[in-house]
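Residue-level structure breakdown
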Amino acid sequence: EWFFHKNCMHHTDTKNLLPGKVLQGLNKRHVIHHSVTNTDMTVRNSKSKYEENGLEEYMHLEEFDGLYFLWPPTITMWIIGIMVGPMINYILHIILSPTVLSYGVSNRFSVGVGFFLASWITIIWNWLHPQLHKARRLSLTEGLDVLPRWEWMKDTILYNYLWKHHVLHHFLAGNYNVTLPGADWLFDTNYTECKRFGFELDVKNKTISKV
């Protein structure tokens, strides 16, 4: 999640474009999502930005881009997950077998782990991200948006942490993990405050104010 979010969705090197029209389109549309996000995290209409960037063919996705995982990317992530899981398992088997005699994770289990992680990313993203941006929820014909949005959930440790972490991502060049925290600490892109940039977050009341 960290690697793809940072190096694809926030790719800024115009001299070395991302390979393929699909990745380039994802990059442009995600950058537009950031440019039309207000200080209170609501999102403005971005149709004019799409036209300016030659993205007319994606106009039917304008309402959803940057906010949700619809069914096509969800299914793609499932396929990648069940393919990459056994590959990683095989590599770990080669590395660990000479030293860890008891290592014997089955390919079936690794497929399940890959599928679970892909599902986790999609489900948590579609639960957290639209709420954070005060957007509507998806119908089941549009995407995998299945977790309830009870008000008490917004005061849980998990939601508060993910809310603050992602809001800071919109103010700073960092906090690329959204649903799988950890890599930002590992790669030194983790931020916990933005006062020096003129803003203060009130996590309890989910408000952002200038200081």
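Structure report, in brief. (Residues numbered from 1 in each chain as written. Predicted model: local features only at pLDDT ≥ 70, side-chain atom pairs only at ≥ 80, totals over all residues. Heavy atoms only, no water.)

For the rest of this paragraph, the subject is the pattern of salt bridges. The final tally for this structure, using the stated rule, is eight salt bridges. Here Glu-142 and Arg-136 are joined by a salt bridge, their closest N and O atoms 3.0 Å apart. Members of the salt-bridge network, linked through shared partners, are Glu-63, Arg-136 and Glu-142. (Salt bridge = Lys/Arg side-chain N within 4 Å of Asp/Glu carboxyl O.)

With that out of the way, let us pick up the nonpolar core. Among the nonpolar cores identified, the biggest contains 22 residues, and Leu-128, Trp-163, Val-167, Cys-194, Leu-201 and Ile-208 are the most heavily contacted of them. Counting residues per element, the ones that place at least two in this core are helix 5 (107-132), helix 6 (157-171) and strand 1 (199-202). Not counting chain neighbours up to four residues away, the residues in contact with Cys-194 comprise Leu-168, Leu-172, Phe-199, Glu-200 and Leu-201. Counting residues in each nonpolar core, the second largest holds twelve residues, with Leu-67, Tyr-68, Leu-70 and Leu-138 among its members. (Core = buried A, V, L, I, M, F, W, Y, C linked by side-chain atoms within 4.5 Å. Buried < 20%, exposed > 50% of the residue type's maximum accessible area, 1.4 Å probe, protein only. Helix = DSSP H or I, 4+ residues; strand = E, 2+ residues; numbered from the N terminus. Contact = heavy atoms within 4.5 Å.)

Turning next to helix 2 (residues 21-35). Turn by turn, an α-helix covers 3.6 residues, leaving residues three or four places apart pointing in a common direction. For helix 2, with 15 residues, the first-to-last C-alpha span of 21 Å sits near the 21 Å given by 1.5 Å per residue. Turning to helix 2, its buried residues number three or more, namely Gly-25, Asn-27, Arg-29, His-30, Ile-32, His-33 and His-34. Considering only its buried residues, helix 2 is in contact with helix 1 (2-9), helix 3 (47-52), helix 5 and helix 6. (Expected span 1.5 Å × (residues − 1).)

Let's shift gears to the side chain of Ser-119. When you line up the elements, Ser-119 lands in helix 5. The buried category is assigned to Ser-119, whose relative accessible area is 10%. Looking at Ser-119, its side chain comes within polar contact range of the side chain of Trp-78, at 2.9 Å. (Polar contact = N/O pair within 3.5 Å; in protein donor to acceptor, adjacent residues only side chain to side chain.)

Before going further, it helps to spend a moment on helix 6. Between its terminal C-alpha atoms helix 6 stretches 22 Å, which fits the 21 Å expected from 15 residues at 1.5 Å a residue. Among the residues making up helix 6, those that are buried are Tyr-159, Asn-160, Leu-162, Trp-163, His-165, His-166, Val-167, Leu-168, His-169 and His-170.

Right, let's get into the packing of helix 1 against helix 2. Packed helix pairs are characterised by how far apart their axes lie and by the angle those axes make with each other. Direction vectors running N to C along helix 1 and helix 2 enclose 85 degrees, while the axes themselves pass 9 Å from each other. Classified by the angle between their axes, helix 1 and helix 2 sit roughly perpendicular to one another. For the pair helix 1 and helix 2, the contacting residues are Phe-4, His-5, Cys-8 and Met-9 in the first and Leu-23, Leu-26, Asn-27, His-30 and Val-31 in the second. Tallied by class, the residues present in the contact of helix 1 with helix 2 amount to six nonpolar, three polar and no charged. (Axes fitted to C-alpha atoms, helices over the stretch in contact; angles between N-to-C directions. Parallel < 35°, antiparallel > 145°, perpendicular 65-115°, else oblique. Nonpolar A, V, L, I, M, F, W, Y, C, P; charged D, E, K, R; others polar.)

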